[in-house]
Amino acid sequence: MPYQCRHCGGTFCADHRLPENHGCPGLESWGEPGGGGGAVFDSGFDDNVVDESGSGGIAERLGIDTGPGGALGYFRGNMTYVFLGAMWITFFLQIMVLSFGSQQLHQTIFVIHPNNPEYVWTWVTSIFSHAPGSLFHIAGNSIIIFFFGRIVEQYIGSRDFTLLFLGSGILAGLGQITIQAVQGDAFGALGASGAALAIMAVLTVLNPNLRVILLIPPVPVPIWIITGFYALLSITGALGGLGGSGFLGGVAHVAHGVGLLIGFFYGYRVKGKIATPSQMQMGSGRRGPGGPGGPGGRGPF
């Protein structure tokens, strides 16, 4: 049975699951048990080990149980699936609002817009919203998040993955409507593309030669080529016009670019601290969502 270290993100056998048995870089930041620092190293696999410094996390100080037996334990290692589910639920809610409500109501709830940046809820709802008139938008983002998001979440932990996803999505949307406001465009923005490309950029930095076996055609392609294509598309589209002008207009190219930049920045921050796979196959057999701890084991949340 494989074990994942919550500190370096590596996956190890039972003999090497403890940080001291696989040369975990996290050991450098902890004092020896019983030493002057008085710190106890939490291996991430033993619930009986505690940090005696008394500096628990925010959830612990609030009395929220994020352990394997707690309610939030079901989200550990499963946030990729949570976000995908939220996207599709939101998609159907959009259709219902448009069918039984109005276009204005839909915009107020789901679209981050340069005319109403004070609608702070749209900073988040717009991440999970997609063009309701087509399946291509949400399907494309779902594919990227499903295949790449699971790997990133496994290696950086569910908590950091959640912050990366939401943070990049929010900043991507704000960046897009800022440019629209400057140019006098009033189109608004919606979609998880910024977050999806941030995820892809993180993987590209961590392992640029990671080979992705495409669905069609089934050939291995280094991930840097795929990410580079999206980056070129974003730059070309931004230069061609953001508000519907230019041959690549009508797409939130600035949001895509912001997502890529955030992903590159975060990737360089964690590079060398976690282990990454050398190859993945789209559609290959990684486990789906599990119970408390999810498929990635006891990652931090």
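No experiment lies behind these values; they were computed from the predicted model shown.

> Go over the environment of L239 with me, naming the residues and quoting the values.
Among the secondary structure elements, L239 is positioned in helix α8 (residues 223-240). As a C-alpha pair, L239 and V254 span 15 residues in sequence and 9.8 Å in three-dimensional space.

> Describe the packing of aromatic side chains, listing the residues and the values that go with them.
Going through the model one piece at a time under the given rule, you end up with 12 aromatic pairs. An aromatic cluster is defined as three or more aromatic residues linked by ring pairs; in this entry it consists of F83, F128, F161 and F165. Positioned above the aromatic ring of F146 is the side chain of R150, whose terminal nitrogen or guanidinium carbon lies 4.1 Å from the ring centre.

> Lay out the packing of helix α2 (residues 79-100) against helix α6 (residues 158-183) with the relevant residues and their values.
With their axes 10 Å apart at the nearest point, α2 and α6 run at an angle of 35° to one another. Where α2 abuts α6, its residues M79, T80 and F83 lie against S158, F161, T162, F165 and L166. For the contact of α2 with α6, a count of residues per class yields 5 nonpolar, 3 polar and no charged.

> Tell me what's going on with the confidence of the model for the chain, and back it up with residues and numbers.
On average, residues of the chain score 76 in pLDDT, and 64% of them are at 70 or above. The low-confidence segment residues 281-288 (pLDDT under 50) makes 17 contacts with residues lying over four places distant or belonging to another chain.

> Go over the packing of α2 against helix α3 (residues 103-110) with me, naming the residues and quoting the values.
At a closest axis distance of 8 Å, the pairing of α2 and α3 adopts a crossing angle of 150°. It follows from the interaxial angle that α2 and α3 lie roughly antiparallel. Touching T90, L93, Q94, V97 and L98 of α2 are Q103, L105, H106 and F110, all from α3. Looking at the contact of α2 with α3 residue by residue, the classes come out as 5 nonpolar, 4 polar and no charged.

About the cut-offs
- Residues numbered from 1 in each chain as written.
- Predicted model: local features only at pLDDT ≥ 70, side-chain atom pairs only at ≥ 80, totals over all residues.
- Heavy atoms only, no water.
- Helix = DSSP H or I, 4+ residues; strand = E, 2+ residues; numbered from the N terminus.
- Phe/Tyr/Trp six-rings, centres within 6.5 Å; stacked < 30°, edge-to-face > 60°.
- Lys NZ or Arg CZ within 6 Å of the ring centre and 35° of its normal.
- Axes fitted to C-alpha atoms, helices over the stretch in contact; angles between N-to-C directions.
- Contact = heavy atoms within 4.5 Å.
- Nonpolar A, V, L, I, M, F, W, Y, C, P; charged D, E, K, R; others polar.
- pLDDT = per-residue confidence, 0-100.
- Parallel < 35°, antiparallel > 145°, perpendicular 65-115°, else oblique.

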